[in-house]
Structure formats: C-alpha cells, structure tokens
Amino acid sequence: MHTYSRRRVLQAVAALAGAGALPPSLFAQTERTPTLLEVARLAGESITARLDRERGFQPYFHLDITSDPPEGLHSSWDYVDTAGRFVAAFLALRELGLQVDREAEAGVRRFFLANQGEDGLFYDQQSEWSERAAESFAQSRAMAALVELALAGDREAEQRIDRHIAALVRISEPLGDGLGLPGRRYRDGWLDRSLTALGADDRIAKPGYAALVAEPLIRYAAAAGHHGALSLASSLIRGFFAAGAIRDDGRFIGHTHSWGILPVTIALVELGSLTGDRELIEFARLVFDVVVSEGTPWGWIPDGIGFASGYPGGWFCETCGLADAIVLGIRLGQLGHERAWSDVERFVRNQLIANQLREVDRVLPLERAAQSRTNAAAILRGSFEAWARPNSLLGGLDLLEHGGLEACCTGSAVMAIREVARAAAVLRDGTLWIDLPLTLRTSLAEIESSEPRDGVLMVTPHISGPIAIRLPSGAEPASVDVDGVPAAFEFRTGTLFLAGVPGRRRVVVRYPLVEREERQVAGGLAVTARWRGATVVAIDPPGERYPIFRNR
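Presented here is a report on the structure given in the accompanying data block. Along each chain, the written sequence defines residue order, and numbers are assigned to residues from 1. Reporting in this predicted model follows two pLDDT cut-offs: at least 70 for local features of residues, and 80 or more for side-chain atom pairs to be given and counted; totals over whole chains, interfaces and linings ignore these cut-offs and use all residues. Note that water and hydrogens are dropped before the side-chain values are worked out from all heavy atoms of the structure.

## Re the environment of Arg-470
Then, number 1: Checked against the element boundaries, Arg-470 lands in strand S17 (residues 465-470).
Then, number 2: Per-residue accessibility, obtained with a 1.4 Å probe over protein chains only, is compared with the maximum for each type, and a residue is labelled buried under 20%, exposed over 50%, and partly exposed between these values. Assessed through its relative accessible area of 7%, Arg-470 is described here as buried.
Then, number 3: With 81 residues separating them in the primary sequence, Arg-470 and Asn-551 have C-alpha atoms 26 Å apart.
Then, number 4: If sequence neighbours within four positions are ignored, Arg-470 has contacts with Glu-338, Trp-341, Arg-428, Trp-433, Ile-434, Asp-435, Pro-437, Leu-457, Gly-494 and Thr-495.
Then, number 5: Any pair of N or O atoms that falls within 3.5 Å is considered a polar contact. Within protein, one atom must be able to donate a hydrogen and the other to accept it, and sequence-neighbouring residues count only if both atoms are side-chain atoms. A polar side-chain atom of Arg-470 sits 2.5 Å from a polar atom in the side chain of Glu-338.
Then, number 6: Within the local environment of Arg-470, its side chain forms a polar contact with the side chain of Asp-435, the two groups lying 2.7 Å apart. Labels follow the DSSP assignment, with helices taken as runs of H or I lasting at least four residues and strands as runs of E lasting at least two, numbered in each case from the N terminus. Between two residues, a contact is recorded if the distance between any of their heavy atoms is within 4.5 Å.

As structure tokens, then:
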C-alpha cells in the first residue's frame, strides 16, 4: 500500500509556505554539452524560417501545407506562446554547441519581450487573427523564456520575472487551499471561466492549463533562491491537486501537455528534489508509469489519456507531450527511478526523432513549395509533428480545418534534446555515468551508438576513473575493450561497470542485436513494430501520408 496520495502531496506543498532557506537540489549536477545533433540543427533552421521579418520577427504558429501555395499563417499563439518557446529554444541550441542566426534570435526576443504589459502579464495583441488578452497557458511559456534568460545572466529578465509573478498572484483565485486561474483569457478581469468545471463546456476542470507555470518557477526558485517564485508555484500545485486533476493512483483524464498534466508533474518532481521529499517524487513516478503504460515501448504517447474510447486526443502523439514525458523520465531517473532511463532512451532513439519532418518533397511538391511567399519548405524541413499517428506523420489533416503544422512542437523538441544532452554523461560519487547511450559529445565524454547497424557502443571519457555505462534497452555485452585491449567488466541490471579507465581512451562495448517483432494497438490502429536491438526499424502497416521508421 502506498503511503502517498493527493492529500499527502497537498500537505507537503503546504508546508513550504513558511519555508526558510532553500535546501540544495538533489539532482545530479550535469555538464554543459556542445552536442552536434542533426535533428537539433534542423529544428533551429526551421525555427529561424518561421520568423516573419516583415512583422518584426513575429513567428508563424501555423504552416498550412494544403493551401495553394502553402504558407505560414499567423495566430494568436504567435505573440507569447510561440515567441517564448523560440526564445528559450535559441538559448538551448547555443548550449548544444550549434550556431544560430543572431539577427533572428535577437529579433524574436525583442518581439517577445514587447508583449509584456505594464501590469506584468504577457499579452496576445489585437489583430485580424487575435484579440488583446493575456492567455493563461501562454503565461507558462513566457515564464519559461524569462527563466532561461535569467539563468543565462540577463538581469533585466530577473526584473521582468518579479513583475510577472506579482501579476499572476494578483489575478489568481483561491482553489482548495491553493490558487488557480479560472479562465483562459484575462483583460482587466476574466473574460471567461472555462478552466473551472462549471465554466467548461465538457464540465471538466482544467487547473493544470494555467498551473504549468509552476515548473519554470520552481527551477528559478532552486537556482536563484527566489521565495516569491516558490510560493506561487507551491500555491498553484496545491490548487491543481485540490481540484482532483490526478487521482491517488496516478491516473487522470486530460491532455498530457496542453492540460498541464505532465508539466505540473515535472514541477512536482523538482519540488521533491528541492525539498528532499521522496514521497512527492514517488507520486510523480506513478503518473509517469501510467503515461508509459498508455503509450508504446518506442514512445508513441497519446496526447489525450483517460478519455472515452474514440476521443480524438487518443489518436495522435503530440511532440510537446512526448517531450514532457522524456523530461519527466530524466528527472525521475536522476532521482533513482532506474527503469525510467530505458524508457527515455527508447523514446528519444525512436519516436522523438521520427516525429521530425525532414523530407520536404514527401509533403510539398517542389513546384508548389517554390510558389510560397513565406518559404514553406524551409519551415517544414526540421519541424516536429503535433499529430503523429502510430505509423505516419501529418495526422492533423484529419482533425484540423486547415492543413496546419504547429510551431509549438519544434520548440518543445529542442528543449527536450537539450535535457537529454545534459543528462547523458554525469559524475556521481567519483564515477562517470553514461546514463543515455545515444550519440552525443559532452564535456565529460564522447558517446557513439551504432544501432541499428551494429551492436556497438563507443565511449571516450575525457577524465580518468571508474565508469558506468547503461547499455541500450535489452542489450547484454559480449565483449568490452579499451583501446583494443580486452577489459574486465561487471554487468548488472543493464549497466556495465569498469574500474580505472584512463581519460581519452576509447571503450568499445559489443553486444548482439536481437531482432524481434512486437504487435501493439495504438491510437485505434493495430501495428507491428520490427525491432533491431533498441531501435524500431519498421512499422507495419506503413502510414500513407508520411510513413515513419523507414530506412533506419
């Protein structure tokens, strides 16, 4: 029987109200990683292409690939949500060691910051596609961008965070023994109350829609010792749980990303790490395990979970929700939930990479793409899918009035890749741990995985000492050598241990690649995944519009 529950979570969060000095985080300290990941580079190019320079670098939230010619489309989501994500993504791309368009980065930052009103909130602006209002969900992306800027040393961002926190406190309303935002749009008062059960058309309360601002607030509190950020975050989390958004067994009804289920759960893990409260972390693990069980082993995570059969949100995987699941898995892995590392590795190796659109000519004939006034081909190449079916991308064409590809997922993917790179190689208690056996170059080690071509993993540590290497899911080592010399090793629970490896010496682990087939029903579609090692090399039947897992 579990000793934790929503009641226990509420008690733990409430205890923070009078907290004194903030304790150090329990997270392993990670190194910055100048990783040259092709998917991240292409995503950065797509983000740059999405900026409308004639409108002061305003992003195009939508890309309509069905119009003639295909064009980027503006939306109310341009001003705060997308612009905030892109500000954060540019900083993440820099951390990954990738070059970015400096003019584009500075332009979208100016555009984003100009949307903070005198009252401290961030506003969508009046235009033919939007009205001036502070959108609740978008406040979290604004706060996330401000926190990234502040952690990068921007002192003005710190002042803007203070104004933003004060504004959010001012417009919040009591929810249980915490706080919540009752509506989606605010302008001199709430224009709706659609986040409450009584005000929502479906009569389902959605406290996480606004409470997901808690995650960047907790990161800021941990880094800067900011008690205002911690106080607001803990109040929003208390409101979220008081509203019953997640049951005691970790199950829920909602959209993983847009209803804030996973972002608030990430905040709960970070809160548990900050305060040393393991029960909060264990409750978050329940939610993670539910999400994993509802998806596929390769990371197809349904956007909507807990709804009745046939609900549209259960048909597709949104990269934003997948990115949340990856980050949550990393946080749990860092805090001792060992199985989460295998989930993260499979999700990144397979579904995350598969969700990127890289082959323009499979979507847009060259003659149509050439007619685009907004460079649709450049936007498309490197963007990430919001509506992935289990065997194909472009599932949104079945659900949207227009053939739109949304900008949010590309920003989310970049941030997830940065978290993967940060977590891949870390020092813990004098041992170099390779927690994610994916091809990366970090300050502590170079990692190269040969899957699915060969069962070979190469690690070149930059420092001398013991090394622990988590192998790809299901792999068992056949041999290990260091610079070509056979080496003794210990292998237990998926991890290989070596003592006294000199720095700059290449460790080569060879293991057999097991080929197998796995049948799954996902999104109402029965598919068979063909695996080679930890890598999906084909999905049968193949999708029609943009089949994925081909030629791997």
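## Considering the pairing of strand S18 (residues 479-482)
Across a regular strand the side chains alternate sides, sitting on one face of the sheet and then on the other.
Then, number 1: Examined bridge by bridge, S18 and strand S22 (residues 507-510) share four bridges and lie antiparallel to one another. Bridge pairing in S22 links Ser-479 to Arg-510.
Then, number 2: When S18 meets strand S19 (residues 485-486), the two strands line up antiparallel, connected through two bridges. Counted as the bridge partner of Asp-481 is Pro-486 from S19.
Then, number 3: Count of turn residues in the S18/S19 antiparallel hairpin: two residues, of which Asp-483 carries a positive phi of about 50 degrees. Any two strands with at least two DSSP bridges between them are considered paired.

## Some points on the packing of aromatic side chains
Then, number 1: A pair of aromatic rings is counted whenever rings of Phe, Tyr or Trp (Trp by its six-membered ring) have centres within 6.5 Å, and the orientation is called stacked for planes under 30 degrees apart, edge-to-face for over 60 and tilted otherwise. Taken as a whole and assessed by the stated rule, the structure comprises 13 aromatic pairs.
Then, number 2: With a centroid separation of 5.4 Å and 55 degrees between ring planes, the pair formed by Phe-137 and Tyr-209 is classed as tilted. A residue pair is termed long-range when its members are at least 10 positions apart, and Phe-137 in helix H5 (residues 136-151) and Tyr-209 in helix H7 (residues 208-211) qualify at 72 residues.
Then, number 3: Tyr-209 gets classed as buried once you look at its relative accessible area, which sits at 5%.
Then, number 4: Chaining the aromatic ring pairs together yields one cluster made of Phe-61, Trp-77, Phe-137 and Tyr-209.
Then, number 5: Here, a charge over a ring is recorded when the distance from Lys NZ or Arg CZ to the ring centre is within 6 Å and its angle to the ring normal is within 35 degrees. For Arg-184, the ring lying beneath its charged end belongs to Tyr-209, and the centroid distance is 4.4 Å.
Then, number 6: In this structure, Arg-362 packs its charged tip against the face of Tyr-546, placed 3.9 Å from the ring centre.

## Brief notes about the nonpolar core
Then, number 1: Side-chain atoms within 4.5 Å link the members of a nonpolar core, which is a set of buried Ala, Val, Leu, Ile, Met, Phe, Trp, Tyr and Cys residues. Core analysis: the biggest nonpolar cluster contains 173 residues, and Phe-112, Ile-237, Trp-298, Ile-326, Ile-434, Ile-469 and Val-509 have the highest contact counts within it.
Then, number 2: For this core, the leading source of residues is helix H16 (residues 408-424), giving 10 residues.
Then, number 3: Residues in contact with Phe-112, not counting those within four places in the same chain, are Tyr-79, Val-80, Ala-83, Gly-84, Val-87, Phe-122, Ala-142, Ala-145 and Leu-146.

## Brief notes about unusual backbone geometry
A negative phi angle is the norm for most residues apart from glycine, just as the trans form is the norm for most peptide bonds.
Then, number 1: The peptide bond linking Asp-68 to Pro-69 adopts the cis configuration, its omega dihedral lying at 5 degrees.
Then, number 2: In this structure, Pro-69 sits in the loop between strand S3 (62-64) and strand S4 (71-73).
Then, number 3: Of note in the backbone geometry, Leu-394 takes a positive phi value of approximately 70 degrees without being a glycine.
Then, number 4: In this fold, Leu-394 is placed in the loop between helix H15 (376-380) and strand S11 (404-406).
Then, number 5: Under the relative-accessibility criterion, Leu-394 is labelled buried at 5%.

## Thoughts on the pattern of salt bridges
Then, number 1: Take a side-chain nitrogen of Lys or Arg and a carboxyl oxygen of Asp or Glu: if they are within 4 Å of each other, that pair is a salt bridge. In this structure the tally under the stated criterion is 46 salt bridges.
Then, number 2: Close ionic contact of Arg-331 with Glu-419 constitutes a salt bridge, the shortest N to O distance being 3.0 Å. Of the two residues, Arg-331 is situated in helix H12 (residues 319-334) and Glu-419 in helix H16; the sequence distance between them amounts to 88 residues. The same class applies to Arg-331 as to Glu-419, namely buried.
Then, number 3: One network of salt bridges, in which partners are shared, links Glu-95, Glu-148, Glu-215, Arg-219, Glu-270, Arg-331, Arg-418, Glu-419 and Arg-422.

## Structural notes on the sheet that holds S4
Then, number 1: Taken together, three strands build an open sheet; the order of strands is S4-S3-S11 and the sheet is antiparallel. Edge positions in the sheet fall to S4 and S11, since each of these pairs with one other strand and no more. Strand-to-strand twist of the sheet, defined as the mean angle between neighbouring strand axes without regard to direction, takes the value 30 degrees.
Then, number 2: Two elements, S3 and S4, share three bridges in a ladder whose sense is antiparallel. Bridged to Leu-63 within S4 is Gly-72. Note on method: axes are straight lines fitted to C-alpha atoms, helices fitted across the in-contact stretch only, with angles between N-to-C directions ranging 0 to 180 degrees.

## Quick notes on the sheet that holds strand S25 (residues 535-540)
Then, number 1: Read from one edge of the open sheet, three strands run S23-S24-S25, paired in antiparallel fashion. Looking at strand neighbours, the two that pair on one side only are strand S23 (515-522) and S25, the edges of this open sheet. Between one strand axis and the next, the sheet turns by 30 degrees as a mean value, whatever way the strands run.
Then, number 2: Relative to strand S24 (residues 525-532), S23 is paired through eight bridges, and the arrangement is antiparallel. Looking across to S24, one finds that Glu-518 is bridged to Ala-529.

## Describing the packing of H12 against helix H13 (residues 339-354)
Then, number 1: The geometry of H12 relative to H13 is characterised by a closest axis approach of 8 Å and an angle of 150 degrees between their N-to-C directions. Here H12 lies roughly antiparallel to H13, going by the angle between them. Helix-helix and strand crossings are classified by hand; for H12 and H13 the assignment is left-handed. Two secondary-structure elements touch here, H12 through Thr-319, Leu-322, Ile-326, Gly-329, Ile-330, Leu-332, Gly-333 and Gln-334 and H13 through Ala-340, Trp-341, Val-344, Phe-347, Val-348, Gln-351 and Leu-352.
Then, number 2: When its residues are assigned to classes, the contact of H12 with H13 shows 10 nonpolar, five polar and no charged. Roughly parallel refers to an angle under 35 degrees, roughly antiparallel to one over 145, roughly perpendicular to one between 65 and 115, and oblique to any angle outside these ranges. Definitions for this section: a left-handed crossing has its near helix turned counterclockwise from the far helix by less than a right angle. A right-handed crossing has that turn clockwise. Under the scheme applied, nonpolar residues are Ala, Val, Leu, Ile, Met, Phe, Trp, Tyr, Cys and Pro; charged residues are Asp, Glu, Lys and Arg; polar residues are all the others, including Gly.

## Re the side chain of His-226
Then, number 1: Looking at the element boundaries, His-226 is found in the loop between helix H8 (214-224) and helix H9 (227-242).
Then, number 2: Here Asp-162 takes part through its side chain, which lies 2.7 Å from a polar atom of the side chain of His-226.
Then, number 3: Within the structure, His-226 has its side chain in polar contact with the backbone nitrogen of Gly-228 (distance 3.2 Å).

## Here we look at the environment of Leu-121
Then, number 1: Secondary-structure assignment places Leu-121 in the loop between helix H4 (102-113) and strand S5 (134-135).
Then, number 2: In this structure Leu-121 comes out as buried when scored by relative accessible area, which is 0%.
Then, number 3: For Leu-121, the contacting residues outside a window of four places in its chain are Asn-115, Gln-116, Ala-134, Gln-139, His-164, Ala-167, Leu-168, Ile-171 and Tyr-186.

Don't take any of this as a statement about function, it's just geometry.
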